[in-house]
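Chain by chain, the residues run as shown.
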Amino acid sequence: MSPLYHLTYNSLILQATVALCLSLSLSLFKIPVVFLQGLHTYIHPDDVNPTSSGARAAIRRPGASDADLKPRKRSKEKFEFDENKAQIFRLRLTDGHLQTRLYFNQFRGAFNSTVTALSCLWLHNSLSISEDSGIISNGTVIPILLGLAGVLRLFVLLARVSSERSASLRSEKQLSVGLGILGFVLGLVIALEIAPNLVFNPGFQSLDGFGKCLVSAFMGCIAGFLFIPAARSARSFWLGTDQIRCNLSIIYCGWFARTLLYANYLFATFTSLLWIRPFADIFVNQNARRESLLIGNPDELIGNVGMPKSDFDKFRNWCLLISGVLQIVTLRLNLQMYLNEAVLSWYQRLHSSKVPDLGFSRAKVFLHNHFLCLVVLQFFGPPVLALIFLGLSQIDDNLLKGLQPVCSFLPCSALLKEIALFMSWWIIFVWAVFTSASLVLYRRGILYVS
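Keep in mind the model is a prediction, meaning the values are calculated, not measured. (Residues numbered from 1 in each chain as written. Predicted model: local features only at pLDDT ≥ 70, side-chain atom pairs only at ≥ 80, totals over all residues. Heavy atoms only, no water.)

**What about the overall build of the chain?**
Regarding its fold elements, the chain presents 15 helices and two strands. Relative to its 450 residues, the chain shows a buried fraction of 44%. Contacts spanning at least 24 positions in sequence make up 81% of the contacts within the chain whose residues lie at least 6 apart. With an accessible surface of roughly 23,900 Å², the chain has 63% of that area assigned to carbon and sulfur atoms. (Helix = DSSP H or I, 4+ residues; strand = E, 2+ residues; numbered from the N terminus. Buried < 20%, exposed > 50% of the residue type's maximum accessible area, 1.4 Å probe, protein only. Contact = heavy atoms within 4.5 Å. Areas by Shrake-Rupley, 256 points an atom, 1.4 Å probe, with all protein chains shown as cover.)

Shown next as structure tokens:
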């Protein structure tokens, strides 16, 4: 028996107290600011008056004075190059810097609400809830409402940042729309079971045709919203693991950070395959008797070895949990690589010619600073959405019997268990597919970081 069994009938008060205390604590101690503090951003200095007595950059030997410099013959062509405009400053992000960024208030609100929702969902799954006490008295209504509110908030924010002007290229927006339509079509194929051997146990049997179309539309929206964030995550991975071999320590990560980036990508890819046949069938023992297993025929291994289906479902849930947590852990690394991308652009154009045109790099440094919190939302939203859906899928079906008015119109078991679990996987799957496709294009030289 759980040690928290005696708190079952007081779980409503407990859930409300935890939600209120977390909301106040996150706002009081500025946890969203602490989550982003310490990252390094870069700015170009303002134009410096050339007649001022400040220090001026020059190429000379250490310890050499102006008198030691030998006059050189000047070429006939005069290259006008302002060295002051070639400088770049490195700053640590502080509270004052973050509050001036676009979408910071939206990120702070989303961070506080989703952390509160995830905490209440974890607390609900840790308690021993009485099924006969009602959904309100046992406190189940609080994590459900907070979880659904967090999903709706993140979904709206991802839609807003995806359509933000100047935050991404027009071609990227057009491609995201096309991929959203493709995701909708693929969702119809899965939901209507047109290809029943494509996905392992999607769990849409209790939905009618209209419900399956709504789920497919939501899948298409998720696919469209996640393309640009996944492409940026692929660029961050490409820079953080130093795939371009720039040999600039200011650009790439250390060995531990690289390990986290590799683990995040590989684990997300592995988790996304756990719903795809025939890969998923390898892990499930669908036959109770193993006498029919033929050692000499590899085709007989599928469905005859592996774990029981109940254990496989738990294994998939743990993989979704670890994958979502890894994406949140690597969020700061991806964000730092996003900021370092502007430095790489400055460095490339500084050494591209004798008179470099730094206008593009100055604009890119400014835009990367201006849309900093927008990119945070794009990196933060998908894994948190996956975790919230996973938490909602763990709520017991019997606890929802108290919602008779809702369950008379909607199948509650499918809404909170089957669909929520599938959506959690769909987010990880779309993220892994877009990231892998971008990395392949970078490897082939079709895309490049500049």
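**Overview of helix α12 (residues 359-370)**
With twelve residues, α12 ought to run about 16 Å at 1.5 Å a step, and its terminal C-alpha atoms sit 16 Å apart, in line with that. Residues of α12 that are buried sit in contact with β1 (40-43), α11 (331-350) and α13 (372-393). (Expected span 1.5 Å × (residues − 1).)

**Section: the packing of α11 against α12**
Contact geometry of α11 with α12 gives a least axis separation of 9 Å together with a crossing angle of 170 degrees. The pairing of α11 with α12 is recorded here as roughly antiparallel in orientation. Touching Y338, L339, E341, A342, S345, W346 and R349 of α11 are F360, S361, K364, V365, L367 and H368, all from α12. For the contact of α11 with α12, the class distribution of residues is seven nonpolar, three polar and three charged. (Axes fitted to C-alpha atoms, helices over the stretch in contact; angles between N-to-C directions. Parallel < 35°, antiparallel > 145°, perpendicular 65-115°, else oblique. Nonpolar A, V, L, I, M, F, W, Y, C, P; charged D, E, K, R; others polar.)

**A few points about unusual backbone geometry**
Backbone geometry at K30 places phi at a positive 55 degrees, although glycine is not the residue there. Within the secondary structure layout, K30 lies in the loop between α1 (11-28) and α2 (31-36). Even without glycine at this site, D242 takes up a positive phi of about 55 degrees. For D242, the location among the structural elements is in the loop between α7 (209-240) and α8 (255-272). Among the residues examined, D242 registers a relative accessible area of 6% and is labelled buried.

**Considerations on the packing of aromatic side chains**
Summed over the entire model, instances satisfying the criterion amount to 24 aromatic pairs. Relative to F111, the ring of F35 has its centre 5.5 Å away and its plane inclined at 45 degrees; by these criteria the two rings are tilted. With F35 in helix α2 and F111 in helix α4 (residues 104-126), this residue pair connects regions lying 76 residues apart in the sequence. Judged by relative accessible area, which is 7%, F111 ranks as buried. Plain terms: the ring middles of F155 and F218 are 5.1 Å apart, the flat faces sit at 25 degrees to each other, and that makes the pair stacked. With F155 in helix α5 (residues 141-162) and F218 in helix α7, this residue pair connects regions lying 63 residues apart in the sequence. (Phe/Tyr/Trp six-rings, centres within 6.5 Å; stacked < 30°, edge-to-face > 60°.)

**Section: the pattern of salt bridges**
Any two side chains of opposite charge can pair if their charged atoms end up close together. By the definition in use, this model includes six salt bridges. Between D313 and R316 there is a salt bridge whose closest N-O contact spans 3.4 Å. Of this pair, D313 and R316 both sit in helix α10 (residues 309-329), three residues apart, which is roughly one turn of that helix. If you follow the salt bridges from partner to partner, you end up with R235, E341 and K364 in one network. (Salt bridge = Lys/Arg side-chain N within 4 Å of Asp/Glu carboxyl O.)

**Overview of the nonpolar core**
Ranked by internal contacts, the top residues of the largest apolar core, which has 79 residues, are F107, F204, L226, L335, L385, W425 and W426. The greatest single-element share of this core, amounting to 15 residues, is contributed by α13. With residues up to four places along the chain from it excluded, the contact list for F204 reads I190, A191, K212, V215, E418, I419 and F422. If you look at the next biggest cluster of nonpolar residues, it comprises 21 residues, including I88, L239, A342 and Y442. (Core = buried A, V, L, I, M, F, W, Y, C linked by side-chain atoms within 4.5 Å.)

**A few points about α7**
The terminal C-alpha atoms of α7 lie 45 Å apart, and with 32 residues this matches the ideal 46 Å at 1.5 Å per residue to within 8%. In the structure, α7 departs most strongly from a straight axis at F227, where the bend amounts to approximately 35 degrees and where the proline P229 lies between one and four residues downstream. Counting buried residues in α7 gives 25 out of 32 residues, a clear majority hidden from the surface. (Bend = angle between axes of the 7 residues up to and from the residue.)

**Section: the packing of α5 against α13**
At a minimum axis distance of 9 Å, the contact between α5 and α13 shows a crossing angle of 150 degrees. Comparing their axes, α13 and α5 come out roughly antiparallel. Where α5 crosses over α13, the handedness of that crossing is left-handed. Facing α5, whose interface residues are P143, I144, G147, L148, G150, V151, L154, L157, L158 and V161, α13 presents L374, L377, Q378, G381, P382, V384, L385, I388, F389 and L392. Among the residues making up the contact of α5 with α13, the classes are represented as 16 nonpolar, four polar and no charged. (Left-handed = near helix turned anticlockwise from the far one by under 90°.)

**Focus on the confidence of the model for the chain**
Across the chain, the average pLDDT comes to 80, with 76% of residues at or above 70. Contacts for the low-pLDDT stretch residues 1-7, under 50 throughout, to residues beyond four places or in other chains number six contacts. Here residues 288-294 scores under 50 on pLDDT; set against residues more than four positions off or in separate chains, the count is ten contacts. (pLDDT = per-residue confidence, 0-100.)

**Quick notes on the side chain of S168**
When you line up the elements, S168 lands in the loop between α5 and α6 (170-191). On the accessibility criterion, S168 (15% relative accessible area) is buried. Reaching out from S168, the side chain makes a polar contact with the side chain of K173 at a distance of 2.9 Å. Dropping the residues within four chain positions of it, S168 is found in contact with K173, I228 and R232. (Polar contact = N/O pair within 3.5 Å; in protein donor to acceptor, adjacent residues only side chain to side chain.)

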